[in-house]
Amino acid sequence: MERDAGRLSALRSGRTPFYEPGLDEQVAESVARGRLSFTDDCRVGMRDAEFAFLAANTPVDESGRADLSHFWQAAADLAHAVSGQRPIVVVKSTVPVGTSQALGDFLRRQSGDGQRWCVVANPEFLTEGNALRALRECDRIVIGSDDHWALTEVASLYAPLQTPLVATDFATAEMVKYGSNAFLATKISFINELAHLCEQTGADVQTVALRMGLDPRIGLAFLRPGAGFGGSCLPKHTRALARMARDEGLELSIVEAAVEANRRQRRAVVHRLREALGPLDGRCIALWGLAFKPNTSDIREAPALDVIEMLLAEGAEVRAYDPQAMDPMRKRHPNVSYAQDALTAVEGADALVLLTEWEEFRLADLAEVRRCLRGDLVFDGRFMWEKEDVEEAGLRYMTIAGWSQREAGAGARRLADSAVQAERLLRAA
Ligand code: UGA
């Protein structure tokens, strides 16, 4: 079911409205084989359906609460479109805890015949940029319902994936989703904050993260420091979870702190540039990477959005390049100039700022970058390059935080002083 006419016709010809590796080919193949079809007519979509997946977008409003208007609209359309045999309704959208339970009553009221609907909460754990692989190799499937038969039916759909499956109640299934994303976001903010302390004390945050992560209780994943987390999920779900707690009279202070640390991290990018270049007014900044992560065209809540806004507000000129995300960014920031390739973006710029770790950037010829740049500053917002490689190319390497780029901080100075004092006392003794 797709309501937007443009998207619908694109989907019918096998094109998805965003870039996701392999997905267009998969969709086109499934359409060609008659296994997948698209419609804007809910009655056609629901004809003989045994399952109906609700995957409507659930953005958050100003206060951080999930806005369920698309979700309830889709549910109402579904209830009105079904005649005869009722499908099991599977909730894929990320919805506040309690929504799937409420959906059964909502559908009954909408269909108006008093008959029961079977609902199963089935949160999604896919990651963008490698969604197909993530689907085939996913580590768990979580389903929740008050109906045992419906749980068994949905479990049977996933049987071919041979993935561990957890069946539970509605609220628990819904909370697993929020808890997982909030925990991942917290891990990222934790390492980002630690990176600043590493810098002040002369520790190398990447080695710290690596050695910490070798402890299986901590794990290596999501300990990559950088410009902060973006996307349509982590930022939104952390805020929604914190809001959900506030609405219950509770405070998830750790989650709220993770959200705040993420905001600071974006400001830190521009702060660092100002430190290195002085006032940014009139400076030309080349920006590599607009998508919130590599292998996607998605710019929702991408660090680049905030960084561009701050740079423009300070009077800088921004020259941007991204392998896939320039069209969506052009709509948001028409005042930025968009280069046709990575090196053109750098031509004559005072500094290069990297915000998304696309493979293309990892493999970039740094000597060429040196030749094209007017200045010599490379700001690596994702710890993607080796400092030595960048310096070898005659460039100045800088990142958000990580190791002693400047004089040791006050704490380190205090410790050094006390060591000198101790030495003096020992000599005197
Ligand atoms: C996230 C979750 O990882 C998925 O499990 C979940 O299914 C999905 O949200 C969702 O709710 O639908 P996704 O938004 O695709 O997936 O992206 P992530 O891979 O989680 O990355 C999110 C952000 O964190 C990116 O901006 C990335 O650059 C950043 N990140 C990630 C770091 O800064 N450091 C890391 O170590 C990992």
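Right above here is the structure, for reference.
Residues numbered from 1 in each chain as written. Predicted model: local features only at pLDDT ≥ 70, side-chain atom pairs only at ≥ 80, totals over all residues. Heavy atoms only, no water.

Things to note about the overall build of the protein
Then step 1. Helix and strand content of the protein: 18 helices and 11 strands.
Then step 2. When the backbone C-alpha atoms are referred to their principal axes, the protein occupies close to 90 × 60 × 40 Å.
Then step 3. Of all 429 residues assigned to the protein, the portion counted as buried reaches 46%.
Then step 4. Relative to all contacts within the protein whose residues are 6 or more apart in sequence, the contacts with residues 24 or more apart total 71%.
Then step 5. With the model as given, the accessible surface of the protein reaches about 21800 Å², and the carbon-plus-sulfur share is 52%.
Then step 6. Between the mean site of the 51 positive side-chain charges and the mean site of the 62 negative ones, the protein shows a separation of 2 Å. (Helix = DSSP H or I, 4+ residues; strand = E, 2+ residues; numbered from the N terminus. Buried < 20%, exposed > 50% of the residue type's maximum accessible area, 1.4 Å probe, protein only. Contact = heavy atoms within 4.5 Å. Areas by Shrake-Rupley, 256 points an atom, 1.4 Å probe, with all protein chains shown as cover. Lys, Arg positive; Asp, Glu negative; His and termini not counted. Charge placed at Lys NZ, Arg CZ, Asp CG, Glu CD.)

Describing the site of the ligand
Then step 1. The full set close to the ligand counts 21 residues, and Phe125, Leu126, Glu128, Lys177 and Asn181 are the nearest of them.
Then step 2. Within the backbone of Leu126, one N or O atom sits 2.6 Å away from an oxygen atom of the ligand.
Then step 3. Contact between the ligand and Lys293: an oxygen atom at 2.9 Å from a side-chain N or O atom of the residue.
Then step 4. Bound to the protein, the ligand loses 93% of the 710 Å² it would expose on its own.
Then step 5. Where the shell around the ligand is concerned, the elements lending two or more residues are helix 8 (170–201) and helix 10 (234–247).
Then step 6. If you tally residues by element for the shell around the ligand, the top one is helix 8, at 4 residues.
Then step 7. Residues that form the shell around the ligand fall into these classes: 10 nonpolar, 5 polar and 6 charged.
Then step 8. Each of two domains, domain 1 (41–168) and domain 2 (181–399), supplies a minimum of three residues to the shell around the ligand. (Near = heavy atom within 4 Å. Polar contact = N/O pair within 3.5 Å; in protein donor to acceptor, adjacent residues only side chain to side chain. Nonpolar A, V, L, I, M, F, W, Y, C, P; charged D, E, K, R; others polar. Domains from an automatic or database assignment.)

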